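An overview of the molecular structure
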Amino acid sequence: MSTIQRPTIPARKTSTGSSPADIGRRRRGVNREGLEAGRRSTRTILWILLTAALVLYGFPFLYLLFTSFKTPIDTIAVPPTILPKEWTMANYVNALSRSGVPASFINSVQTAVISTALSLVLAVPAAYGITRYKTRSGRVFIMAALVTRMVPPVAIGIPLASMMASVGLADTPIALSIAHTTISLPLSIWLMSSFFEAVPKDLEEAATVDGCSRLGALWRVVIPVVSGGIAVTAIFAFLASWNEFLFALLMTAVRSQTTPVVIANFQTQFGLDWGSMTALAAVYSIPVILLTLLLQRKIVAGMTLGAVKG
Amino acid sequence: MSSRKTTSKLAAIGGICTAVALVATGCGAGGPAPAESGGSSINVLVEAGGHAELQPIADQCKKDTGVNVNFVELPYDGLFNRLSSEFSSGTVSFDVAALDSVWLPSFKDALQPIDELFTDEAKKDIFPSLVREANVDGHFIGMPAWTNAEIVLYRKDLFEDAKNKADFKAKYGYDLAAPKTWQQYQDISAFFTKDGMYGTDVKGGVETEYLAHVLQAGSPMVLDSNNNVIIDNAASKQALDFYTSLVKDAPPGAAQVDWAAAQNLFNQGKTAMTQFWAHAYRQIPKDSPVYGKVGTAAMIGGSAGVAGVPGPWYLSVPKATKNTDAAKKFVKCAFDHNDLAIQSSLGLAARVSAFQKYQDQPGYESFKPLIETLNAPATATRPATAKWQQIVDTVLVPMLQKAVAGGDSAALLADAKTKIQALLK
C-alpha cells in the first residue's frame, strides 16, 4: 500500500513572527492561567465563606467554653469579655460535684441509647417497606408520620406524661425514651426512605437470584449499602434525645432526670450561675462531639448516598 | 464481606447497648424508687434554688421524724408547667411542692388545707403579709418556707468618702447617707452619676420594684380588695413618674434591665445604689470590686412610708398525694427548723424569729432592713388572682418598658387598665 503524502503547508507567520499554533498554545496557556486564577479566587471566596460559617456556628460554643473557665465576676462582666482574665477550673468542680449530675449523665445516655435503638428498629423496616412496595397506604403513612412534627411538643408532652404515669412508667428512662422516639421516628423514617431509594433494586434481585430471601437480601445486601445512612439517622435520633428538654422537664423526677434539666437548674429565681452552667454544658457536649468524630466517615458516606444516582 | 462484618458488628454493639440500657432502666440512675403510699419517704418538688434552702431542714427532719426526703429540682420557668400538668392530670409525682406565692390562687383547688399548722403562736412568728397570702378562700394552703423583699444596697465606700460627703452636703444641703425617701434617692442617684458611673439602675424588664413604689405612694397594687382595676389612680401615676425620673441617672437600656442585669451592674461597680432582693447582699462574688464595700438599708418610703413586695415561697401538700401524713410532718418540720435554711447558699427564712436570730451577726447585715421592710404596714403581697402572671407578662412589663423609654405615664396606665380589665373578664 502506498501512502499518500500530504503536502506540507508552510506555517503561516504573523506580523510578530508567531505561527497560529504558537498563538493557540499561548492562548491555551493564557486560558489555563485564567482558569487557574478563576479557580483560585473561587477557592478563596469559598474559604472565606467557610470560615465565616465556622465562626458563626462555632463562636457560641467557643464563648460557652471560655465562659466555663471564667471567675464569677468575669462571667458577668459589662461589657462582656471573650477570653477569661483569669483561668479557673472551679466551675467544673462546682458543676460536677453538684448532687445529681453524675446520675443525670447516666440517665441521658440510657435514654438516648434506647430512643435511638427504638427509632432505628422501627424506622428501618418502615422506610424499606414504603420505598420498595410503593403502595398508596405507604405514601399516606409517610405523610402521616410528619403530623407528629406539626403538633407543638407541649401538646403531646402533658398527655404523654399522664399516660406513662397510668401504666406505671412514671419517672423512668424508658418512658422518656418512648417520648423521645415520637420526635425522632418521623425524621428517621424520612431519612431512611431517601437512603433506601438510592439503592438500585437490581442489587436485591441479584441477591434473590443467588438464593437470598427478601429479608435475607435486606439484611445481607441492602443494610450494608445503607449503613452510612443508618449512621446518619442514628446520629440525628441520638441528638434529638440527648438535647431534648421539654419532655424531660415534664416526665422525669427523682430517678430519671436528664442533664439538660440539670443544666437549666443553674438558673434560679435568685440568680444564674453562668460559670457552672457553661461548665456542665461543655462537659455534656463532649460525648456528642466524640460520637460525631467516630462516625464521621459513615456520616459523610451517608450524606452522599444517592448523590450519584443516575 | 467487610461491610457485612461491619454491619454485624454494629448490630451486635447496638444490641448489647440496648440490652444493657434496658436492664439498667429498671431503676434509673437518679436515686431511690419513688415514694410509696403510706411510706416514710416523700418527694418534694422545688425550684432549683429551693433545694439548697431545704436540704439542711430535710436532714434534720429525717433525724426528728424518720421522714426521708427526695428533692426533685426543676428550673423556675418549668416548674409551673410541671405543676399545671400534674395537677390537671390528677396524678402527682410529688408529696410536697414549693410554690411561688403568685401560684397559690391558681392551684388552690389542688392543694390540701393545712390549717392545723397555723397555730396562733405560728402566726405571730410569720410576717403579717405572708399570713394573709397563705390563706386562700378561708383555708391556709401553704406554709411559708422562705421569703425575700427588696431592700436598698449601696456603696458604703462611696458614701463614706470624705470628699463625696462634703460635695453632697454643699450641693443638697443635707448629709450623704442611705436614702430614706424618694427625694433622697433621686438626689443621691443624680450625685453619683458621673465619670462613667451611674447613681442607680432602672428595671424596665421586671414589675416588682414599680409595684413597691405604688404601695409606698399609698395605693394597693393594680387591683383593690374587690378586684377592681385601679392601676390608673393618682398614686400609681405618681409612682410611675418617680420610677421613670430615675432613668437619667441609670445606665442606658433601662427597658431591658431585669434582675440579672441590675445585679451584674451593681456587682461590677457600675451603680452606686440598687433596690434589690435582700439575698443578693450575701451573694456578692468575692472577686467583685464591691465585695466588702456594700451597705444595706430598708426599702425607701413614699407618702405611705416604707413598703416592699415580699417574694415568699410556700410549702404545700397536694390533695392527690398518697403520703399526706409524712408530707405534713415535713411541712411542720420545715417550719420548726426554719432557721436552718439561713445557713444555705441562698440564706433566707420565713419566720421572724429566724431572721432575728442572725440579724446582729457579721455577714447578715441585710436582715435588719429586710425585717423592717417586711414588717412595714404598707408592705403587701401581690394580688390574689389566678391571672396575675398573665397580667405581669402581657401588661405590666410592656407598660414599664414603654414608660422608661419615655412614654406618657397617664396614657400608658389608662391603656394598662383597659387591658387588665379585659384579662379579668
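Everything discussed here concerns the structure shown above.
On a predicted model such as this, the values are computed, not experimentally measured, just so you know.

What follows deals with the nonpolar core. The biggest cluster of nonpolar side chains holds 157 residues, and the ones touching the most others in it are L83(B), Y210(B) and F330(B). Per-element tally for this core: the top contributor is helix α16 (residues 388–404) of chain B, with 10 residues. Counting 19 residues, the second largest nonpolar core, distinct from the first, contains F69(A), A95(A), F105(A) and W242(A).

Right, let's get into the pairing of strand β8 (residues 273–277) of chain B. Residues and elements named next belong to chain B. For β8, the tally of buried residues reaches 5 of 5 residues, placing the bulk of the element in the interior. Across 5 bridges, strand β7 (residues 150–155) lies against β8 in antiparallel orientation. Across the sheet, residue I151 finds its bridge partner in β8, namely F276.

This part covers the sheet that holds β7(B). Residue and element names in this part refer to chain B. Across the sheet, which stays open at both edges, the 3 strands sit in the order β8-β7-β9 with antiparallel pairing between neighbours. Two strands lie at the open edges of the sheet, namely β8 and β9 (294–297), each paired on one side alone. Strand-to-strand twist in this sheet, taken as the mean axis angle between neighbours without regard to direction, amounts to 35°. Alignment of β7 against β9, held across 4 bridges, turns out to be antiparallel. Within β9, the position partnered with R155 by the bridge is V294. Packed on one face of the sheet, helix α12 (residues 259–267) meets β7, β8 and β9 and runs near 135° to β8. Sitting on the sheet, helix α15 (residues 367–375) is in contact with β7 and β9, with an inclination near 145° to β7.

Residue and element names in this part refer to chain A. Not every positive phi belongs to a glycine, and K134 is a case in point at roughly 45°. Exposure remark for K134: the relative accessible area of 45% places this residue in the partly exposed category. Of note in the backbone geometry, D171 takes a positive phi value of approximately 60° without being a glycine. Note on placement: D171 falls in the loop between α7 (153–166) and α8 (173–197). Given a relative accessible area of 7%, D171 falls into the buried group.

Here the focus is the pairing of β7(B). When you tally the buried positions in β7(B), you get 6 out of 6 residues, the bulk of the element. Across the two faces of β7(B) the burial is the same, with E150(B), V152(B) and Y154(B) and I151(B), L153(B) and R155(B) all buried.

Another point: the packing of helix α11 (residues 227–242) of chain A against helix α14 (residues 274–294) of chain A. Residues and elements named next belong to chain A. Closest axis-to-axis distance for the α11/α14 pair is 11 Å, and the angle between their directions is 175°. Comparing the axis directions of α11 and α14 gives the class roughly antiparallel. For the pair α11 and α14, the contacting residues are I235, F238, L239 and W242 in the first and Y284, P287, V288, L291 and T292 in the second. When grouped by side-chain class, the residues that make up the contact of α11 with α14 number 8 nonpolar, 1 polar and no charged.

Parameters at a glance
- Residues numbered from 1 in each chain as written.
- Chains lettered and ligands numbered in written order.
- Predicted model: local features only at pLDDT ≥ 70, side-chain atom pairs only at ≥ 80, totals over all residues.
- Heavy atoms only, no water.
- Core = buried A, V, L, I, M, F, W, Y, C linked by side-chain atoms within 4.5 Å.
- Buried < 20%, exposed > 50% of the residue type's maximum accessible area, 1.4 Å probe, protein only.
- Helix = DSSP H or I, 4+ residues; strand = E, 2+ residues; numbered from the N terminus.
- Pairing = 2+ DSSP bridges.
- Axes fitted to C-alpha atoms, helices over the stretch in contact; angles between N-to-C directions.
- Contact = heavy atoms within 4.5 Å.
- Parallel < 35°, antiparallel > 145°, perpendicular 65-115°, else oblique.
- Nonpolar A, V, L, I, M, F, W, Y, C, P; charged D, E, K, R; others polar.

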